[in-house]
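Residue-level structure breakdown
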Amino acid sequence: RVWVTKEGDKCLQKEPLSVLTDTKAQIEVLKRGVTQTSGLMQQVLKGITDVTDPFKLTMQARMQGVREEIDGLCSQIEAVTARYVGLLSYLAIDKATCSGEFCLMWDNFFVPATVVDRLDPQLKKAFAQPAFVQGKSPRAFTVDDLLVLWGIKPYQYPKIKPMAQSKGDKAKKPKRVTVRDDGRQ
């Protein structure tokens, strides 16, 4: 969720961060890249005749580790896809439903853009921005956030901290005195 400005007012715009099909495609690109890099590395390793060369000693193991990590990603994405299809089946939703559409459906149910957009500007800034809109420090919204959004619970504005005292208001610190070896100050 991000803010977009329409007619001078901030409005909520939504789009999924990641979609399963896109993630699968990205993993396949990684897999192809590792295969190509591995082939190039094998050619380079053949040209290195020194058996004590650090590159030759470490890179094969590192490349194998990368392959294993990508294979793990492939396994995870397949497991997630299977669970997602099972969830769609359980909810009697068409199995061709894109994961992004599915997530937006639920997001629109719990956090409709129209409800967020009609909040007054001060409440948008103090409450909706940190709770529902991506920012510098995004966080997952809570049940309390939903209760406030839907007007079931009032928003409690944070208590304002008192401003720092000016230099003249501070209690004067005792003057620092240096005593020399001979007893003079």
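Attention in this report is confined to the structure presented alongside it.

What counts, and at which threshold
All residue numbers refer to position in the chain's written sequence, counted from 1. Under the rules for a predicted model, residues below a pLDDT of 70 receive no local features and side-chain atom pairs below 80 are neither given nor counted, while totals for whole chains, interfaces and linings still include all residues. Heavy atoms from the whole structure form the basis of all side-chain values; hydrogens and water molecules are not counted. Only DSSP runs of H or I reaching four residues or more are called helices, and only runs of E reaching two or more are called strands; each is numbered from the N terminus. Pairs of residues are marked as contacts when any of their non-hydrogen atoms sit within 4.5 Å. Two rings from Phe, Tyr or Trp (for Trp, the six-membered ring) form a pair when their centres are within 6.5 Å of each other. A pair whose planes differ by under 30 degrees is stacked, one over 60 is edge-to-face, and the rest are tilted. For each residue, the accessible area found with a 1.4 Å probe, counting protein chains only, is set against the maximum for its type, and the residue is called buried under 20%, exposed over 50%, and partly exposed in between. Joining through side-chain atoms within 4.5 Å is the link that ties buried Ala, Val, Leu, Ile, Met, Phe, Trp, Tyr and Cys residues into a set, and such a set is a nonpolar core. Pairs of N or O atoms are called polar contacts if they sit within 3.5 Å, as long as, within protein, a hydrogen donor faces a hydrogen acceptor (for residues adjacent in sequence, only side-chain-to-side-chain pairs).

Let's talk about the environment of lysine 153
Residue placement: lysine 153 occurs in the segment after α6 (143–149). Excluding residues that lie within four positions of it along the chain, lysine 153 makes contacts with Asp144, Leu147 and Val148.

Thoughts on the packing of aromatic side chains
Under the criterion given, the structure shown has nine aromatic pairs. Where tyrosine 84 meets phenylalanine 102, the ring centres are 5.7 Å apart and the plane angle is 80°; that geometry is what we call edge-to-face. Highlighted residues: tyrosine 84 in helix α2 (residues 54–90) and phenylalanine 102 in helix α3 (residues 99–110), separated in sequence by 18 residues. On the basis of an interplanar angle of 25° and a centroid distance of 6.1 Å, the ring pair of tryptophan 106 and phenylalanine 110 is categorised as stacked. Of this pair, tryptophan 106 and phenylalanine 110 are both found in helix α3, four residues apart, which corresponds to roughly one turn of the helix. Given a relative accessible area of 35%, phenylalanine 110 falls into the partly exposed group. Put simply, the rings of Tyr84, Phe102, Trp106, Phe109 and Phe110 pair up and form one aromatic cluster.

Thoughts on the nonpolar core
One finds Val111, Val116, Leu119, Phe127, Ala128, Phe132 and Leu149 to be the most contacted residues of the largest nonpolar core, which totals 14 residues. Those elements that provide at least two residues to this core are α4 (113–117), α5 (121–132) and α6. Among the elements that make up this core, the one with the highest residue count is α5 (five residues). Filtering out sequence-adjacent residues up to four positions away, phenylalanine 127 remains in contact with Leu119, Phe132, Asp145, Val148, Leu149 and Tyr155. Residues Leu20, Val34, Ile70 and Phe102 belong to the second largest nonpolar core, which totals 13 residues.

Some remarks on unusual backbone geometry
Positioned with a positive phi, alanine 92 is a non-glycine residue whose angle comes to about 60°. In this fold, alanine 92 is placed in the loop between α2 and α3. Since its relative accessible area comes to 71%, alanine 92 is described here as exposed.

Here's the deal with the environment of threonine 35
Within the element layout of this structure, threonine 35 appears in helix α1 (residues 20–47). With relative accessibility at 54%, the residue threonine 35 sits in the exposed group. At 3.0 Å, the side chain of threonine 35 and the backbone oxygen of lysine 31 are in polar contact.

A few points about the side chain of threonine 23
With respect to the secondary-structure elements, threonine 23 resides in helix α1. Setting aside residues up to four positions removed in sequence, threonine 23 forms contacts with Ser18 and Ile77.

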